[in-house]
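# Examination of the molecular architecture
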There are 2 protein chains.
Amino acid sequence: MTARRFPVDGERLRRDIERNAQFGATATDEGQGRTVLPGTEPNRRARENLVNRMVAADLDVTVDAVGNVAGTWRPDGCETDAAPVAVGSHLDSVPNGGIFDGPLGVYAGLEAVRAMQDAGVTPMRPIQVVAFTGEEGTRFADGVLGSSVAAGLLAVEEALALTDDSEVRGTADGRTGGGDEVTLREALDGIGFHGEGRLDASEWHAWLELHVEQGERLEDLGAPAGVVTSITGTARLRGTIEGEAAHSGTTAMAGRTDALAAASEFVLALEDAAREAAADTDGTAVGTVGELDVDPGAVNVVPGEVAFSADIRDVDGAVIDRLVDRAESTLADLETERGVETSLDRPYDVPPVDMAATCRTALHDAGDALDIETADLHSGAGHDSMQVGRVTDAGLLFAPSRDGHSHNPLEWTDWADCAAATAVLTTALASLAESTTD
Amino acid sequence: MTARRFPVDGERLRRDIERNAQFGATATDEGQGRTVLPGTEPNRRARENLVNRMVAADLDVTVDAVGNVAGTWRPDGCETDAAPVAVGSHLDSVPNGGIFDGPLGVYAGLEAVRAMQDAGVTPMRPIQVVAFTGEEGTRFADGVLGSSVAAGLLAVEEALALTDDSEVRGTADGRTGGGDEVTLREALDGIGFHGEGRLDASEWHAWLELHVEQGERLEDLGAPAGVVTSITGTARLRGTIEGEAAHSGTTAMAGRTDALAAASEFVLALEDAAREAAADTDGTAVGTVGELDVDPGAVNVVPGEVAFSADIRDVDGAVIDRLVDRAESTLADLETERGVETSLDRPYDVPPVDMAATCRTALHDAGDALDIETADLHSGAGHDSMQVGRVTDAGLLFAPSRDGHSHNPLEWTDWADCAAATAVLTTALASLAESTTD
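Model, not experiment: these values are computed from the prediction.

Quick look at the packing of aromatic side chains now. Residues and elements named next belong to chain A. Overall, the coordinates contain 14 aromatic pairs over all chains when judged by the stated rule. Geometrically, the ring pair formed by Phe100 and Trp415 is tilted, given 5.2 Å between the ring centres and 55 degrees between the ring planes. Of this pair, Phe100 sits in the loop between strand S5 (85-90) and helix H3 (103-118) while Trp415 is found in helix H13 (residues 415-434), placing the two residues 315 residues apart along the sequence. The residues Phe100 and Trp415 share a single accessibility class, namely buried. The ring of Phe6 has Arg4 sitting right over it, with the charged end atom 4.7 Å from the ring centre.

Structure below.
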């Protein structure tokens, strides 16, 4: 494979992203925000705009049963039956999210194709530009919805039956209003994006995704692009600690079973354990109690019950398991020491996944050829590449996020960085599509 | 003063309390609940029933501007101009509260008068049976509303302008629905209990209140009645801890400013400090974090801000101040050690008050004369007697609460204990009313 330079048009990419940013745009004091939940009107407009842009680039557009959009480029001279190389990301956002998270990867994929077309290059393999449905998990399930279906990890019918219910949303990245009990099928029908069949990622020769980093490591390193080595696994826990609600004035300290005091020990124990694990793992391990609800939650009542969630991640599944064990043993200790009753579930569990060496090499080689530094780093956030990577070779490229801002209107990636990363993506994509020998 | 026995009618008292329990009765699986917020329809019915029962006992009923109800017994032969002895409590409840908390003291006061009447006794002083407005603080202000006005600690006009607003209720014993912005004046007008003038507790020779203990100490001691030595003071704190909201996956442990982890240290530090203080104070000191709200409160976001309240009590104001100092110094330490920003207010501060020796002695003497054990104990909860005790001699008698249940339908005091405590109250009341020499 040879790595070559393509005439990536940063301004064309910028116009695409700025136009996409209008759909679901939110009023903000600083930055640019958008709310594009799957199956909503802003999502319909964003999808239709993408389809138009794909058609304008001579892509053959299909929509599968769960709304995954794929635009395939099969130029004359390519081996039309060869396994395609796919590239893309997602169009949906968290509530009041940023304008790059997702759309950058979709439109960079499209720009890559256009740059190859402009260069008069004919890849050996077809290239597919993909926008997956529901990556963020703010409506219908916990996220990476469309890519889970494409990877065969979630059945089409199961996905279509998911409802927009608050329970699910409560566990997700952002929150919207009360549940309206709409199924994914109904929502996709409503916006005209309930297609047929299933986009099958296992049929791809390889997959590349460009995404914003959502952290500060590239900025700290001064690198314009990062090649992801592994995507962390995530275990999510939901637990309760039951003590005894009691009058805060008439109940002596010695006679209390304070659920919040016990929960406070849990929060600190998980933080301690995660810090220790991070010291052992080059900082990849994290553990967070992000939700904690106190019942009854009155100024003069000793808390009777606390419900909490915990989010535990690492690139090593064994480290995740050890942290979950620590959470369990901490609760057991609290039962003994404080007389509380506890429960702990692990309702969400995604194992870590390594990115493919072929894809990482293609991305690094592209950076070298273009004289763009490409740092190695892991991803602490889940991405569609995580699911795709379970069934085919997948590569994930990061562009820098200014000050690490993510999931809010302050999210920003300089246009020059967008263009540089897209150039790396294009060159790597061309390399992977060039060879039909696998 | 001589302590004598009166024909207290436990069945008559029980009928009064059971009838009162019908107003605002709630559906419960266990026990008996009622919701009687001040100025509501159930409160109107409870008040009108009381007035009827007072009139039936030949009391002269007045209602003051803030709805305090007083029924005065001035039998022929008493010194009508002498400072009266007052007795009573309150009729309002927390949402889904118990049937004894408040009404026991009001109807025990009425039963005391009836028992004296039945015995043909003529006290030297008039006796006033009182039901204060808004003791629980679940609507309009933080509680002890009517007694604060009667003690001159809150101006009538200020009290009447208080609104049923959720902010205030959020700091109180129980919570109801969204605020409806009704003033106390409007609410009292609406139920026909916005009277004239001000019941003035400073004009009373003495005051007695019978109330349920809301704790387990009498039960533990096997004593049917408790004479309160002091009522604890209460400081309420409201604070915030600001960290930095961040993605729980992409933000390394070392790069976090987790507001909930900091708040957890605060909760445990206050618990520690209160436990130490309790060890130094015979168990009277308490400190509680009862409310804690996490923002944004999502499974995969490092908490950015926590708002909390703390409730600190002791019979010694200096101990309260020391605990508040500990709360402040803990937050200062957290600012240094964790980089959070914190705030702390002390919006509610009621100093402790000792009950009057004259009243305590009268209650103990009554117990001795009737062969009913009367244990000394402090009150960890605020009561109307706390405010009255700032302007005249006040005594507070406790009846046992089964298993300490309070502010819920499981609250229970055996009818025999109600009758025994009322007998003690009656004898003490007669003693205090007998002498006009002060």
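What follows is about the interface of chain B and chain A. When the parts come together, some accessible area is lost, and that loss is often what is quoted as the size of the interface. The interface of chain B with chain A comprises 53 residues on the first partner and 53 residues on the second. Of the roughly 4,100 Å² buried where chain B meets chain A, counting both sides, 56% is carbon and sulfur surface. When the buried surface of chain B facing chain A is broken down by residue, B:Thr250, B:Met253 and B:Val299 rank first, second and third, together holding 18% of it. For the pair chain B and chain A, the interface holds 2 salt bridges. The salt bridge involving B:Arg338 is made with A:Glu271; its shortest N-O contact spans 2.7 Å. On the surface where chain B and chain A come into contact, there are 14 residue pairs in polar contact (both at pLDDT 80 or more). Sorting the residues of the side of chain B that touches chain A by element identifies strand S9 (233-242), helix H9 (259-280), strand S11 (286-295), strand S12 (301-302) and strand S13 (305-314) of chain B as the ones contributing at least two each.

Our next topic: the environment of A:Leu410. All names here are of chain A. Looking at the element boundaries, Leu410 is found in the loop between strand S17 (393-399) and H13. Exposure remark for Leu410: the relative accessible area of 32% places this residue in the partly exposed category. A C-alpha to C-alpha distance of 6.9 Å links Leu410 and Gly98, two positions 312 residues apart in sequence. Those residues within four positions of Leu410 in sequence are excluded, and the remaining contacts are Glu30, Gly31 and His405.

Residue and element names in this part refer to chain A. Relative orientation of the contacting elements H3 and H13 amounts to 60 degrees, with a least axis distance of 9 Å. Compared by their axis directions, H3 and H13 come out oblique. When the axes of H3 and H13 are compared, the crossing they make is right-handed. Taking contact as the criterion, the partners of Leu104, Ala108, Gly109, Glu111, Ala112, Ala115 and Met116 in H3 are, on H13, Cys418, Thr422, Leu425, Thr426, Leu429 and Ala430. A breakdown of the residues in the contact of H3 with H13 according to their chemical character gives 9 nonpolar, 3 polar and 1 charged.

Before going further, it helps to spend a moment on the sheet that holds strand S14 (residues 341-350) of chain A. All names here are of chain A. Strand order in this open sheet of 4 strands is S11-S13-S9-S14, and the pairing throughout is antiparallel. Taken across any chain shown, the strands that pair with only one partner, and hence form the sheet edges, are strand S11 (286-295) and S14. Direction aside, the axes of adjacent strands within the sheet are offset by 15 degrees on average. Across 8 bridges, the pairing between strand S9 (residues 233-242) and S14 is antiparallel. Within S14, the position partnered with Thr240 by the bridge is Ser343. On the sheet, helix H9 (residues 259-280) packs against S9, S11 and strand S13 (305-314) and is oriented at approximately 175 degrees with respect to S11. Most of the contacts of helix H10 (residues 317-338) go to S14, to which it runs at about 170 degrees, and overall it touches S9, S11, S13 and S14.

All right, on to the relation of the copies chain B and chain A then. Between chain B and chain A, the superposition needs a rotation of 180 degrees and an axial shift of 0.0 Å, giving an RMSD of 0.1 Å. Classification of the inter-copy transformation places it as that of a two-fold axis. Using C-alpha coordinates, one finds that chain B approaches the rotation axis most closely at B:Ser264, a distance of 2.2 Å. When the interface residues of chain B are mapped onto chain A, 100% of them are again interface residues, pointing to one common binding face.

With respect to the helices and strands, A:Arg402 occurs in the loop between S17 and H13. Filtering out sequence-adjacent residues up to four positions away, A:Arg402 remains in contact with A:Glu219, A:Trp412 and A:Asp414.

Here we take up the environment of A:His405. Residue and element names in this part refer to chain A. Checked against the element boundaries, His405 lands in the loop between S17 and H13. A sequence separation of 307 residues divides His405 from Gly98, and the C-alpha atoms of the two residues are 8.9 Å apart. Once residues lying within four places of it in the same chain are set aside, the contact partners of His405 are Leu410 and Glu411.

The subject of this paragraph is the pattern of salt bridges. Taken as a whole and judged by the stated rule, the model has 48 salt bridges over all chains. The closest approach of N and O atoms between A:Asp414 and A:Arg402, which form a salt bridge, is 3.0 Å. Highlighted residues: A:Asp414 in the loop between S17 and H13 and A:Arg402 in the loop between S17 and H13, separated in sequence by 12 residues. Take A:Arg402: its relative accessible area is 40%, and that puts it in the partly exposed class. Across the salt bridge formed by B:Arg44 and B:Glu41, the nearest N and O atoms sit 2.3 Å from each other. Remark: B:Glu41 and B:Arg44 occur in helix H2 (residues 41-56); sequence separation between them is 3 residues, near one turn of the helix. On the basis of relative accessibility, which here comes to 44%, the residue B:Glu41 falls in the partly exposed class. Several salt bridges share partner residues, and in doing so they unite A:Arg12, A:Asp16, A:Arg53, A:Glu111, A:Arg114 and A:Asp118 into one network.

Before going further, it helps to examine the sheet that holds S9(B). All names here are of chain B. The 4 strands are arranged S11-S13-S9-S14 in an open sheet whose pairing can be described as antiparallel. The sheet is open, and its two borders are formed by S11 and strand S14 (341-350), each paired with just one other strand. Adjacent strand axes in the sheet meet at a mean angle of 15 degrees, parallel and antiparallel pairs treated alike. Together, S9, S11 and S13 form the strand contacts of H9, whose direction differs from that of S11 by roughly 175 degrees. Against the sheet, helix H10 (residues 317-338) engages S9, S11, S13 and S14, with an angle of about 170 degrees to S14.

Before going further, it helps to spend a moment on a negative patch on the surface. A cluster of acidic residues, A:Glu216, A:Glu219, A:Asp220, A:Asp403 and B:Glu244, forms a negative patch on the protein surface. Locating A:Asp403 in the fold gives a position in the loop between S17 and H13.

Definitions and cut-offs
Residues numbered from 1 in each chain as written. Chains lettered and ligands numbered in written order. Predicted model: local features only at pLDDT ≥ 70, side-chain atom pairs only at ≥ 80, totals over all residues. Heavy atoms only, no water. Phe/Tyr/Trp six-rings, centres within 6.5 Å; stacked < 30°, edge-to-face > 60°. Helix = DSSP H or I, 4+ residues; strand = E, 2+ residues; numbered from the N terminus. Buried < 20%, exposed > 50% of the residue type's maximum accessible area, 1.4 Å probe, protein only. Lys NZ or Arg CZ within 6 Å of the ring centre and 35° of its normal. Contact = heavy atoms within 4.5 Å. Buried area = accessible area lost by both parts, 1.4 Å probe. Salt bridge = Lys/Arg side-chain N within 4 Å of Asp/Glu carboxyl O. Polar contact = N/O pair within 3.5 Å; in protein donor to acceptor, adjacent residues only side chain to side chain. Axes fitted to C-alpha atoms, helices over the stretch in contact; angles between N-to-C directions. Parallel < 35°, antiparallel > 145°, perpendicular 65-115°, else oblique. Left-handed = near helix turned anticlockwise from the far one by under 90°. Nonpolar A, V, L, I, M, F, W, Y, C, P; charged D, E, K, R; others polar. Pairing = 2+ DSSP bridges. Least-squares fit on C-alpha atoms with pLDDT ≥ 70 in both. Patch = residues over 30% accessible without salt bridge, like charges linked within 9 Å, V, L, I, M, F, W, Y side chains within 5 Å. Areas by Shrake-Rupley, 256 points an atom, 1.4 Å probe, with all protein chains shown as cover. Lys, Arg positive; Asp, Glu negative; His and termini not counted. Charge placed at Lys NZ, Arg CZ, Asp CG, Glu CD.

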